[in-house]
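Read off the chains here:
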Amino acid sequence: MFGFADIIKFLISFFVILPIVTLIHLCGHTFFVTLFRGSEKKMIIGCGPMVFSFWNIEVRKYYFWNGACEFKSLRHDNRVTNTLIYLGGSLFNLISIFLVHALISQGILDKSVFWSQFTYFSFYILFFSLFPMHFSDGSPSDGKAAVLALKNQDESKLSDDIQFRKMEDQNKPEERSRDCNK
């Protein structure tokens, strides 16, 4: 039966765990952008109007819904580096799943609903980011963008959660805003 305690679990899952999983995913993209010397990196948590920012992290009003990694250029820019950037988010989600499982197996973390939900949402993000498809707004999933990059058909360096801002566009407002319409 569905009760009040279940509602609390859902609220914690959607407003705490899902944003953490999304942050881990975005850290994976940002890690590889940094590794390949990307310039002007920015991580966007959520969508809607900006609430605050610190370092190169921007937190939006709907922090629990989506996110993005933006950068302007890569010092090492080729098919392999772009593919690793696209797959970096999923790789970090996969590592976090194995890490949580290992810590629970070793008795360092207690088995709980929190960690089950964390694993569930990590797998959810992992699956749908790797599934090779285009979203309704026309942007490819990370998996589709990686395939396009490997085939050398990726001109825009764009996926659902990665934005490449061209150098000549740096003074223009962001064309593809994080407006939550996905």
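(A) Spatial organisation of the overall build of the protein chain. Across its full length, the protein chain holds 4 helices and 3 strands. Across the 182 residues of the protein chain, 37% fall into the buried class. Partitioning the intrachain contacts of the protein chain with sequence separation of at least 6 by distance along the chain shows that 61% fall at a separation of at least 24. As displayed, the protein chain has an accessible area near 10700 Å², and 65% of this comes from carbon and sulfur atoms.

(B) Structural detail: helix 2 (residues 79–105). Over its 27 residues, helix 2 runs 38 Å from end to end, which matches the ideal 39 Å to within 8%, given 1.5 Å per residue. Helix geometry: helix 2 is bent most strongly at Leu 87, by close to 45°. Within helix 2, the full set of buried residues consists of Thr 81, Asn 82, Thr 83, Ile 85, Tyr 86, Gly 88, Gly 89, Ser 90, Asn 93, Ser 96, Ile 97 and Val 100. N-capping of helix 2 is provided by Asn 78, with a side-chain oxygen placed 3.0 Å from the backbone N of Val 80. Once helix 2 ends, the next one or two residues include Gly 107, with phi positive near 80°.

(C) Here's a closer look at the packing of aromatic side chains. Scanning all chains against the criterion turns up 17 aromatic pairs. Ring centres of Phe 15 and Phe 64 lie 4.8 Å apart, and the angle between their planes is 80°; this geometry places the pair in the edge-to-face category. Of this pair, Phe 15 sits in helix 1 (residues 4–35) while Phe 64 sits in strand 2 (residues 57–71); the two residues are 49 residues apart in sequence, bridging distant segments of the chain. Judged by its relative accessible area of 25%, Phe 64 falls in the partly exposed class. Counting every residue linked through ring pairs, the aromatic cluster contains Phe 10, Phe 14, Tyr 120, Phe 121, Tyr 124, Phe 127, Phe 128 and Phe 131.

(D) How the structure looks around the confidence of the model for the protein chain. Scored by pLDDT, the protein chain has a mean of 86; 86% of the residues are at 70 or more. Low pLDDT, under 50, characterises residues 166–179; the predicted model gives this stretch 25 contacts beyond four residues in sequence or across chains.

(E) Local environment of the pattern of salt bridges. Evaluated as defined, the whole model comprises 4 salt bridges. Here Lys 42 ties to Glu 70 by a salt bridge, and the two come within 3.6 Å at their closest N and O atoms. Pair noted here: Lys 42 is in strand 1 (residues 42–54) and Glu 70 is in strand 2, with a separation of 28 residues, a long-range link. On the accessibility criterion, Glu 70 (1% relative accessible area) is buried. Across the pair Glu 58 and Arg 60 runs a salt bridge whose closest N-O atoms are separated by 2.6 Å. On the basis of relative accessibility, which here comes to 10%, the residue Arg 60 falls in the buried class. A network of salt bridges, in which partner residues are shared, links Lys 42, Glu 58, Arg 60 and Glu 70.

Rules of the game
Residues numbered from 1 in each chain as written. Predicted model: local features only at pLDDT ≥ 70, side-chain atom pairs only at ≥ 80, totals over all residues. Heavy atoms only, no water. Helix = DSSP H or I, 4+ residues; strand = E, 2+ residues; numbered from the N terminus. Buried < 20%, exposed > 50% of the residue type's maximum accessible area, 1.4 Å probe, protein only. Contact = heavy atoms within 4.5 Å. Areas by Shrake-Rupley, 256 points an atom, 1.4 Å probe, with all protein chains shown as cover. Expected span 1.5 Å × (residues − 1). Bend = angle between axes of the 7 residues up to and from the residue. Polar contact = N/O pair within 3.5 Å; in protein donor to acceptor, adjacent residues only side chain to side chain. Phe/Tyr/Trp six-rings, centres within 6.5 Å; stacked < 30°, edge-to-face > 60°. pLDDT = per-residue confidence, 0-100. Salt bridge = Lys/Arg side-chain N within 4 Å of Asp/Glu carboxyl O.

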